[in-house]
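Here's the letter readout for the chains.
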Amino acid sequence: MKKLAIFASGSGSNAENIFNYFKEKPEVEISLILTNNPQAGVIERANRMNIPVIVFNRFTFSKSDKIVDLLKNQGIDWVILAGFLWLIPKNLIEAFPNKIVNIHPALLPKFGGKGMWGHHVHEAVVAQKENETGITIHFVNEKYDDGKVIFQAKCTVNEEDTADTVAAKVHQLEYEFFPVTIEKLILG
Ligand code: GRF
């Protein structure tokens, strides 16, 4: 069985979607949910899904081995970032080489990097009058949104679109493609 840990900083709708996708698949387990944000909506979702949730602060995450040790002790095989806003520290990257996967709500390398998260991304896409956007699922390295691309999916953007309508279209792509891309990746 492959064990996944999901990191999220916000609502956690992707985390819940991934959990639901694998609920009937015994070969994959969502073993742990971790967040840097004690107010994150993902905490309530984790409680509802009966998944242990860990809340950590910046020192624990970026300046100690506590999180890496915890993931190793729990036998975690893959780390999934689903709306996690902090840079991944070197010790975590090294502990899970090519086993940390992120989803970004744009077609990287466009609209990526520090500060480009959530609504900011969709506002920039609309402001630049792009005619398409989408999602990028990629391996994580020590820079924001910079690792090898695994999968991308697109949706159109037209002049009537707002950041909100773009966000809704992108979320649909996330829900449709993130779990199945993870499944292909971890089960081959
Ligand atoms: C998603 O748009 C994802 O692409 C980005 O952060 C957002 C997380 O949303 N990385 P949620 O917390 O899963 O609802």
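Scroll up for the structure.
We now turn to the structure provided with this report. Keep in mind that what you see is a predicted model, and the values were worked out from it rather than measured.

Procedures and definitions
Residues numbered from 1 in each chain as written. Predicted model: local features only at pLDDT ≥ 70, side-chain atom pairs only at ≥ 80, totals over all residues. Heavy atoms only, no water. Axes fitted to C-alpha atoms, helices over the stretch in contact; angles between N-to-C directions. Helix = DSSP H or I, 4+ residues; strand = E, 2+ residues; numbered from the N terminus. Parallel < 35°, antiparallel > 145°, perpendicular 65-115°, else oblique. Left-handed = near helix turned anticlockwise from the far one by under 90°. Contact = heavy atoms within 4.5 Å. Nonpolar A, V, L, I, M, F, W, Y, C, P; charged D, E, K, R; others polar. Buried < 20%, exposed > 50% of the residue type's maximum accessible area, 1.4 Å probe, protein only. Polar contact = N/O pair within 3.5 Å; in protein donor to acceptor, adjacent residues only side chain to side chain. Pairing = 2+ DSSP bridges. Near = heavy atom within 4 Å. Areas by Shrake-Rupley, 256 points an atom, 1.4 Å probe, with all protein chains shown as cover.

Quick look at the packing of helix H1 (residues 13–22) against helix H7 (residues 163–187)
Closest axis-to-axis distance for the H1/H7 pair is 9 Å, and the angle between their directions is 45°. Between H1 and H7, the angle is such that the two are oblique. Handedness of the crossing formed by H1 with H7: right-handed. On the side of H1, the interface is formed by Ser13, Asn14, Asn17, Ile18, Tyr21 and Phe22, while H7 contributes His171, Glu174, Tyr175, Phe178, Pro179, Val180, Ile182 and Glu183. Taken together, the residues of the contact of H1 with H7 break down into eight nonpolar, four polar and two charged.

Comments concerning the side chain of asparagine 14
Note on placement: asparagine 14 falls in helix H1. Under the relative-accessibility criterion, asparagine 14 is labelled buried at 9%. A distance of 3.1 Å separates polar atoms of two side chains, one belonging to asparagine 14 and the other to glutamate 174. Setting aside anything within four residues of it in sequence, one finds asparagine 14 in contact with Ala82, His171, Glu174, Tyr175 and Phe178.

Here we look at the pairing of strand E5 (residues 100–104)
Most of E5 is tucked away: five of the five residues are buried. Alternating positions in E5 separate into two faces, Ile100, Asn102 and His104 on one and Val101 and Ile103 on the other, with burial throughout. Two elements, strand E4 (residues 78–81) and E5, share three bridges in a ladder whose sense is parallel. What sits directly across from leucine 81, in E5, is asparagine 102. Note that E5 and strand E6 (residues 132–139) share four bridges and pair antiparallel. Paired with valine 101 across the two strands is phenylalanine 139, which belongs to E6.

Some words on the site of the ligand
Neighbouring the ligand are the residues Ser11, Gly12, Ser13, Asn14, Gly83, Ile103, Pro105, His171 and Glu174. Within the backbone of asparagine 14, an N or O atom sits 2.8 Å from an oxygen atom of the ligand. The contact in question runs from a nitrogen atom of the ligand to an N or O atom on the backbone of isoleucine 103, over 2.9 Å. When the free accessible area of the ligand is taken as 370 Å², the share hidden by the protein chains comes to 87%. Elements that contribute at least two residues to the shell around the ligand include exactly H1 and H7. Across the shell around the ligand, the residue classes tally to two nonpolar, six polar and one charged.

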